[in-house]
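For reference, the chains in residue letters:
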Amino acid sequence: WFGKQTPEKLQIFSGNIDMLKSGKGKEALEAFIAVHGEKCIVNVDEADSIKNMTSQRSKILREICKPIIQRATMTGTPIAKDLTDEFGIFYFLDPNIIGHKYKTSFQAQYCRMGGFENRQVVGHKNIEAFKAITAPHIFRATKAELDLPEKVYDVVTFDMSDEQKRLFKQMKEEFLANMDNGSIASVNNAAAMLVRLQQISCGFIVDEEENIHEIQNPRLEALKTLRAGISGKTIIWCRFNRDVEIVKKAYGDSAV
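No experiment lies behind these values; they were computed from the predicted model shown. The written sequence of each chain sets the order in which its residues are numbered from 1. Per-residue local features of the predicted model are confined to residues with pLDDT of at least 70, and side-chain atom pairs are confined, for both listing and counting, to 80 or more; whole-chain, interface and lining totals are unaffected and use all residues. The basis for the side-chain values is all heavy atoms of the structure; hydrogens and waters are excluded.

S.K.: Hey, could you go over the overall build of the protein for me, with residue numbers and the actual values?
M.R.: Per the secondary structure count, the protein includes 10 helices and six strands. If you line up the protein on its principal axes, its C-alpha atoms span 80 × 50 × 40 Å. In the protein, buried positions account for 28% of the 256 residues. Should any heavy atoms of two residues lie within 4.5 Å, those residues are counted as being in contact. Of the contacts formed within the protein by residues at least 6 apart in sequence, a portion of 54% connects residues at least 24 apart. Accessible surface computed for the protein: about 18,500 Å², of which carbon and sulfur atoms make up 53%. Between the averaged position of the 35 positive side-chain charges in the protein and that of its 34 negative side-chain charges there is a distance of 7 Å. Counting from the N terminus, the helices are DSSP H or I runs at least four residues long and the strands are E runs at least two residues long. Remark: exposure states derive from per-residue accessible area (1.4 Å probe, protein chains only) relative to the maximum for the residue type, with buried under 20%, exposed over 50%, and partly exposed in between. Using the Shrake-Rupley algorithm and a 1.4 Å probe, accessible areas are obtained, with residue cover drawn only from the displayed protein chains. Charge convention: Lys and Arg are scored as positive, Asp and Glu as negative, and His as well as the terminal groups of each chain are ignored. Here the site of a charge means NZ on Lys, CZ on Arg, CG on Asp, or CD on Glu.

Structure follows, in structure tokens:
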């Protein structure tokens, strides 16, 4: 498809930042820039990915984009760990914006150094001056200004297995019986019972010797069904460490 590129029409090239490390991705981007030249504008989303100016992808990106004058970056997390992160991003945009081509001179003006051999940023200085020189090159839009909709959450339900229902009923009866004879007198005991119930619903039980036993797990099947309808990488939040092991076992080498 790349042979159809023409400099007379608007063209868009989109790719993951890590494609710069692969031969094909790097070559494709170089070829695109060769066709369109100075007409190009490059926009790096998730700008944190190039904050380390000595990283391989940052170096490659700067080298490839030498012919491109118009540059932009975007990020949803504008608060950096320290100003040296900002330096890496502005260095890609244009070192002349902040007036420094070297990290050491930048740190001397804006950072307080300490730690081992005085190499660690422990504070900042001249913050107002830094804001003043960078403000003309920054545009920030809040969620309210963009009138973005609220996040949408989907609740996925599943039916527990007969064994899970039996264990739930057993724990409920034992808990109520203990309440009747006065043996349960603290919130901690009730909270512990809730944790046990959550473990059962997650597909495992813990016996009195703290041994873990896996049981039929409809929750895992619901997860597999949900995951099958999602493309790309997915983050799965787990309630227990055992859940992590169960998910990793279910998805094999594709899960980390």
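S.K.: Just give me the short version of the nonpolar core, but keep the residues and values in it.
M.R.: Among the nonpolar cores identified, the biggest contains 29 residues, and L61, F92, I98, F106 and F130 are the most heavily contacted of them. Within the residue set of this core, elements represented by two or more residues are α1 (23-36), β1 (41-44), α2 (56-64), α3 (83-93) and α4 (103-110). Looking at which element gives the most residues to this core, the answer is α3, with six residues. What F130 contacts, discounting residues up to four positions off in sequence, is L83, E86, F90, I98, F106 and Y110. We define the nonpolar core as a collection of buried residues of types Ala, Val, Leu, Ile, Met, Phe, Trp, Tyr and Cys that are connected through side-chain atoms lying within 4.5 Å of one another.

S.K.: How would you summarise the side chain of S55 if you had to cite specific residues and measurements?
M.R.: Along the chain, the position of S55 falls in the loop between β1 and α2. Polar side-chain contacts of S55 include one of 2.9 Å to the side chain of S58. Throughout this description, a polar contact denotes any pair of N or O atoms lying within 3.5 Å of each other; where both atoms belong to protein, one of them has to be capable of donating a hydrogen while the other can accept it, and for residues adjacent in sequence the pair is counted only when both atoms sit in side chains.

S.K.: Outline α3, listing residues and values.
M.R.: Each α-helix winds once per 3.6 residues, and so residues spaced three or four apart point in a common direction. The buried fraction of α3 is high, at 10 of 11 residues. Among the residues of α3, those classed as buried are L83, T84, D85, E86, F87, G88, I89, F90, F92 and L93.

S.K.: Tell me what's going on with unusual backbone geometry, and back it up with residues and numbers.
M.R.: For N118, which is not glycine, the phi torsion reads 60° and is therefore positive. Located in the positive-phi region is N126, a residue other than glycine, with phi close to 55°. Tracing the chain through its elements places N126 in the loop between β4 (120-124) and α5 (127-134). By relative accessible area, N126 is classed as partly exposed at 42%.

S.K.: Mind laying out the packing of α3 against α4, listing which residues take part and the relevant values?
M.R.: Running from N to C, α3 and α4 point in directions that differ by 135°, and their axes come no closer than 10 Å. When the axis of α3 is compared with that of α4, the two are oblique. Here α3 and α4 pass one another in a crossing that is right-handed. Contacts between α3 and α4 involve L83, T84 and F87 from the first element and K103, F106, Q107 and Y110 from the second. Only C-alpha atoms enter the line fits that serve as axes; for helices the fit covers just the stretch in contact. Angles between N-to-C directions range over 0 to 180 degrees. By the definition adopted for this analysis, an angle is roughly parallel if under 35 degrees, roughly antiparallel if over 145, roughly perpendicular if from 65 to 115, and oblique otherwise. Crossings are assigned a handedness: left-handed for a near helix turned anticlockwise from the far helix by less than a right angle, right-handed for a clockwise turn.

S.K.: Help me get a handle on the pattern of salt bridges, residues and values and all.
M.R.: Salt bridges, as used here, are contacts in which a Lys or Arg side-chain nitrogen is within 4 Å of a carboxyl oxygen on Asp or Glu. On inspection of all chains with the given rule, the structure shows 10 salt bridges. Between K26 and E30 there is a salt bridge, with the nearest N and O atoms lying 3.0 Å from each other. Residue K26 and its partner E30 are located together in helix α1, separated by four residues, close to a single helical turn. K26 sits in the partly exposed class, given a relative accessible area of 29%. For E210, the salt bridge identified is with R196, shortest N-O distance 3.9 Å. Separated by 14 residues along the polypeptide, E210 in the loop between β5 (204-206) and β6 (212-214) and R196 in helix α8 (residues 187-201) bring together distant segments of the chain. For R196, a relative accessible area of 30% translates into the label partly exposed.

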